[in-house]
Amino acid sequence: MPNSNEKGSLFLLAASAAVIAVVAVQVKLVVAAEYTDKMVKCVRGIVEDPKNKPNAPGLIRLLFHDAMVRGLDGSVLLTSTPFNTTSNSLLPNLKGPTEQGSLSNGGLRGMEMIDEIRAKLAEKNIIASCADAVAFAAREATFVLSNGKIEYAVDGPGRQDGVVSAVEDPGRFLPAPTYSYEEILTNFTSKGFTKVDLVALSGAHAVGVAHPLMFSFADRFLPSATIENKIDPFYRAFMLLETKDFTDPQVDLNVRDMTPTTQTLSGYKPDGVNTSAVGVLDNSYYNANLQNMVLFTSDTALRGNAEQLLEDYKKDANVWNAAFSAAMTKLSNTLKAEGPIFEDGSRKKCSATNHDNQDSYSSAKPLSAR
């Protein structure tokens, strides 16, 4: 019986031919006309479980980081794929790391819930792809984190799972936290999003954490930073004191979630903000941004370029809720998987392709047409 390395080599030889022309006869995904109440109850129950809820903000980020790279295809979940576009020239059968190895994807959370969601849906005879589960999880995370105030439409099962996941892709397609306004707007518009979508989706930074060691906002601390991009010095000083675990440093994205002492000494003015709503997805991000108490260049770049929208969303939570909902629907439904090859049927697990059988891939018709 061949060992795993031999099996992998044999598969890689067969796979190159399979990419060109595949005759695949596999179980097809059940395509639902809509995301039903039964699915909502199932997925929401997993997301709001006390063991999972702390990672719920990561599910919103996971959707964005998957959909903006090759479309919504579950490729961000892969830790193993023989179709990686990166390879070692000396050892051509050794493929490079997947999207998870990119600095752009540092600190991804919530991935362990995706297979749990698929398994629970399967118990109810609903077959969902990994990409489906990413879309459903983000929707329910939004609902749970907003205390039920934000609920938006998503399509039912039928999304395709891609099998190409390359470490260089996130850096090419995802907006960097150090981007200027012009750079981030160009990134968004290239995917069919508008200025309104950009500012609305930035509000997701009302929840979650950042990692100081990832250098995602270190540029704002440097003496060379422009006046416009310098982080508020008092906010900076007391924000860093809130780092709780220096083995894995993390700080809250939202000053609203920091201690009253930090808020007071930083000069934070919580006008219209419920400071007791710690960890809640709401419009408090806009109040913080207008005070220069946000972490990333891509956040502060909105001031002076989209300031009226910041003011509008700060003043009226319902206006932001509606804009955020529309943008999340667009992320979930319009950024179709680009391929060029997909699993034919459902992945056995979302971290690896069905690589034991080259007939489990297809580059032909979308699932709904097979």
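Because the structure is predicted, anything quoted here is derived from the model rather than measured.

### Re the pattern of salt bridges
Then, in step 1: Overall, the coordinates contain 14 salt bridges when judged by the stated rule.
Then, in step 2: In this structure, Glu140 and Arg44 form a salt bridge, with 2.7 Å as the shortest nitrogen-oxygen distance. Highlighted residues: Glu140 in helix H5 (residues 130-145) and Arg44 in helix H2 (residues 37-47), separated in sequence by 96 residues.
Then, in step 3: Since its relative accessible area comes to 15%, Arg44 is described here as buried.
Then, in step 4: Arg256 serves as the salt-bridge partner of Asp282, at 3.0 Å between the closest nitrogen and oxygen. With a gap of 26 residues between them, Asp282 in the loop between helix H10 (260-266) and helix H11 (284-290) and Arg256 in the loop between strand E2 (251-252) and H10 connect regions that are remote in the sequence. For the residue pair Asp282 and Arg256, the accessibility class agrees, reading buried in each case.
Then, in step 5: Counted as one network, the salt bridges with shared partners bring together Arg44, Arg139, Glu140 and Glu151.

### With respect to the environment of Phe342
Then, in step 1: Tracing the backbone shows Phe342 in strand E3 (residues 342-343).
Then, in step 2: A sequence separation of 180 residues divides Phe342 from Gly162, and the C-alpha atoms of the two residues are 4.3 Å apart.

### Looking at the packing of helix H8 (residues 195-202) against helix H14 (residues 317-333)
Then, in step 1: Two elements in contact, H8 and H14, have axes separated by 8 Å at closest approach and are oriented at 105°. Considering their axes alone, H8 and H14 lie roughly perpendicular with respect to each other. In contact with Val196, Asp197, Ala200 and Leu201 of H8, H14 contributes Trp320, Ala323, Phe324, Ala327, Met328, Lys330 and Leu331.

### Details of the state of the cysteines
Then, in step 1: In the structure shown here, the tally under the stated rule is one disulfide.
Then, in step 2: Each disulfide pairs two cysteine sulfurs, and for Cys130 the partner residue is Cys350, the sulfurs being separated by 2.1 Å. What sets the handedness of the Cys130 and Cys350 disulfide is the S-S torsion sign, and at about -95° it is left-handed. Taken as a pair, Cys130 in helix H5 and Cys350 in the loop between E3 and strand E4 (361-362) lie far apart in primary sequence, 220 residues in all. Accessibility classification places Cys130 together with Cys350 in one group, the buried group.

### Some thoughts on the confidence of the model for the protein
Reading predicted coordinates in detail is not appropriate for stretches of low pLDDT.
Then, in step 1: The share of residues in the protein with pLDDT of 70 or more is 77%, and the mean pLDDT across the chain is 83.
Then, in step 2: Below pLDDT 50 for its whole length, residues 364-370 participates in 15 contacts with residues either more than four positions away or in separate chains.

### Topic: helix H4 (residues 112-123)
Then, in step 1: In this model H4 runs 18 Å from its N-terminal to its C-terminal C-alpha over twelve residues, within 8% of the 16 Å that 1.5 Å per residue would give.
Then, in step 2: Every buried residue belonging to H4 is among Met113, Ile114, Ile117, Arg118 and Leu121, and all of these are buried. Mapping the buried residues of H4 onto a view down its axis gives an arc of 140°, with all of them on the same face.
Then, in step 3: Each element contacted by the buried residues of H4 is listed here: H2, helix H3 (56-67) and H5.
Then, in step 4: Phi turns positive, to about 65°, at Asn125, one or two residues after H4.

Parameters at a glance
- Residues numbered from 1 in each chain as written.
- Predicted model: local features only at pLDDT ≥ 70, side-chain atom pairs only at ≥ 80, totals over all residues.
- Heavy atoms only, no water.
- Salt bridge = Lys/Arg side-chain N within 4 Å of Asp/Glu carboxyl O.
- Helix = DSSP H or I, 4+ residues; strand = E, 2+ residues; numbered from the N terminus.
- Buried < 20%, exposed > 50% of the residue type's maximum accessible area, 1.4 Å probe, protein only.
- Axes fitted to C-alpha atoms, helices over the stretch in contact; angles between N-to-C directions.
- Parallel < 35°, antiparallel > 145°, perpendicular 65-115°, else oblique.
- Contact = heavy atoms within 4.5 Å.
- Disulfide = S-S within 2.5 Å.
- pLDDT = per-residue confidence, 0-100.
- Expected span 1.5 Å × (residues − 1).
- Arc of directions from axis to C-beta.

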